[in-house]
Amino acid sequence: MDIFYDVPLEKLNTFRLKVNAACLVEYDTPEELRTIPAELPAPRKAIGGGSNLLFTGDFPGTLLHSRIRFIQPVEMQEYVLVRVGSGARWDDLCAWAADHGLWGIENLSGIPGEVGAAAVQNIGAYGIEAGDVVDAVECFDTRRQCPVVIKGADCGYGYRTSRFKEDWKDRYIVTAVGIRLTREYRPRLDYGHVRAALEERFGSYVLEQGELTPARVRETILSIRRTKLPDPADIGSAGSFFRNPVVSRDCFDAVVRTAEQRGFGTVPHYDNGDQVKIPAAWLIEQCGWKGKTLGHAGVYGKQALVLVNATGQAAPADILLLEEQIKASVQAVFGITLNPEVEHV
Ligand SMILES: Cc1cc2nc3c(=O)[nH]c(=O)nc-3n(C[C@H](O)[C@H](O)[C@H](O)COP(=O)(O)OP(=O)(O)OC[C@H]3O[C@@H](n4cnc5c(N)ncnc54)[C@H](O)[C@@H]3O)c2cc1C
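Note that this is a predicted model, so its numbers are computed, not measured.

1. Things to note about the sheet that holds strand β10 (residues 134–141)
Across a sheet, paired strands are connected by hydrogen bonds in the backbone, their directions being either parallel or antiparallel. The strand order across the open sheet built from five strands is β6-β7-β12-β10-β11, with neighbouring strands paired in antiparallel fashion. Whereas interior strands pair on both sides, the edge strands pair on one side only; in this sheet they are β6 (71–75) and β11 (146–151). Averaged over all pairs of adjacent strands, the angle between strand axes in this sheet comes to 20°, irrespective of strand direction. Pairing analysis gives five bridges linking β6 to strand β7 (residues 80–85), with the strands arranged antiparallel. Considered in β7, the bridge of Q72 is made with R83.

In structure tokens form, the structure reads like this:
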């Protein structure tokens, strides 16, 4: 375990904001979490790659970062259980699974961040969520100061959420995750343009003959993502900044009327029981924000849901101002309040 003080976080947040943490602990085993000195500054917060975080200023407490990075497969009868250290990069796990011909997480290729956070966030993309494959989550319970294993089925996984983000917030530190993968041919292609992109890349024959591999799907997903999302190595961002709002039918009808009056065209939406989900990216785009900059912050030109550190010099205040102005425009035009997906710390 290493303890660092007054630590620059530029490389520990994908927005690349130049903020500092009072203290950072990097631990190598779950047991070390019991021995963290009590006098280190509060509050304590687990952190992965900082790809879903917006630091609103210097962090006054202690960040806890896992360096537990193993990938350990165990063959079961119907599936392959892979135990993975929380500090392993999620995409390294996806690459490992693809190299070993294992299905289950190929559609989640390219998502930044670490394995521990993936189980907290219930990351999702192209019709798959981490919660679909999490068998169990090994944690350190900071309240009882002991290790616990929580079954995936008990983690309360929902759309980009889990009990780790709700009633268990900041209680458990994830140290390893058990992921269920399979050798059975099981591509999931019916989301977005995945099937069409695979046909274009490998020919429809490959799909018809059942000759896809996890590696081929992964390669295709990575290429789709490259066309839509900024690479954090080039442009700072935290991915999708806002949640897609879920509104009442009356509210949706009002949005449709606004769209007609203002010539915005058809409102994209997904029925969600009595309610309707509207893509936040569409609302933001109609308000004229796509590709715009404000100070050092901006809205990504290829995807309006992604706020970026446009000049590389953005301070937290730049991102917060842009967030506020986007929310105000969407509220003024559509009467809808956007909520951030990205966690403000
Ligand atoms: C360009 C880009 C594209 C993205 N695309 C997607 C996408 O397609 N789908 C998607 O779902 N997300 C996406 N994201 C968001 C992000 O990658 C995920 O939320 C990811 O899981 C965050 O991982 P992290 O390690 O960076 O976690 P952090 O951002 O550091 O932390 C996220 C949360 O997890 C908690 N946490 C982290 N590690 C631990 C631990 N060991 N124990 C307990 N709690 C912990 C933190 O306290 C925090 O609450 C994208 C982000 C970017 C920048």
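2. What about the site of the ligand?
Inspection of the region around the ligand gives 31 residues, with A46, G48, G49, S51 and E343 positioned closest. Between the ligand and E114 there is a distance of 2.8 Å, counted from an oxygen atom to a backbone nitrogen or oxygen. Protein chains bury 93% of the 980 Å² of accessible surface belonging to the ligand in isolation. Elements supplying a minimum of two residues to the shell around the ligand: β3 (44–47), α2 (115–121), β8 (124–125), β12 (172–181) and β13 (236–240). In terms of residues, the shell around the ligand owes the most to one element, α2, which gives four residues.

3. Topic: helix α5 (residues 214–228)
Over its 15 residues, α5 extends 21 Å from the first C-alpha to the last, a length consistent with the 21 Å expected when each residue adds 1.5 Å. Among all positions of α5, only P214, V217, R218, T220, I221, S223, I224 and R225 are buried. Residues of α5 that are buried make contact with α1 (90–99), β8 and α3 (194–202).

4. Considerations on the state of the cysteines
Throughout the structure, instances matching the rule amount to zero disulfides. You can see C94 has no disulfide; the closest cysteine sulfur is in C155, sitting 18 Å from it. For the unlinked cysteine C155, the closest cysteine sulfur is that of C139, found at 7.2 Å. Residue classification places C155 among the buried residues on the basis of a relative accessible area of 0%.

5. Considering the packing of aromatic side chains
Counting across every chain of the model gives 11 aromatic pairs. On the basis of an interplanar angle of 45° and a centroid distance of 5.7 Å, the ring pair of W282 and F334 is categorised as tilted. Of the two residues, W282 is situated in helix α7 (residues 280–286) and F334 in helix α8 (residues 316–334); the sequence distance between them amounts to 52 residues. Side by side, W282 and F334 carry an identical accessibility label, which is buried. Ring-pair connections join several aromatic residues into one group, and the members of that group are F15, F241 and F242. In this arrangement the basic side chain of R216 is found over the ring face of F202, its NZ or CZ atom lying 4.9 Å from the centre. Positioned over the ring face of Y159 is K277, at 4.1 Å from the centre of the ring.

About the criteria used
- Residues numbered from 1 in each chain as written.
- Predicted model: local features only at pLDDT ≥ 70, side-chain atom pairs only at ≥ 80, totals over all residues.
- Heavy atoms only, no water.
- Pairing = 2+ DSSP bridges.
- Helix = DSSP H or I, 4+ residues; strand = E, 2+ residues; numbered from the N terminus.
- Axes fitted to C-alpha atoms, helices over the stretch in contact; angles between N-to-C directions.
- Near = heavy atom within 4 Å.
- Polar contact = N/O pair within 3.5 Å; in protein donor to acceptor, adjacent residues only side chain to side chain.
- Areas by Shrake-Rupley, 256 points an atom, 1.4 Å probe, with all protein chains shown as cover.
- Expected span 1.5 Å × (residues − 1).
- Buried < 20%, exposed > 50% of the residue type's maximum accessible area, 1.4 Å probe, protein only.
- Contact = heavy atoms within 4.5 Å.
- Disulfide = S-S within 2.5 Å.
- Phe/Tyr/Trp six-rings, centres within 6.5 Å; stacked < 30°, edge-to-face > 60°.
- Lys NZ or Arg CZ within 6 Å of the ring centre and 35° of its normal.

All quantities given are derived from atomic positions and should not be read as evidence of function.
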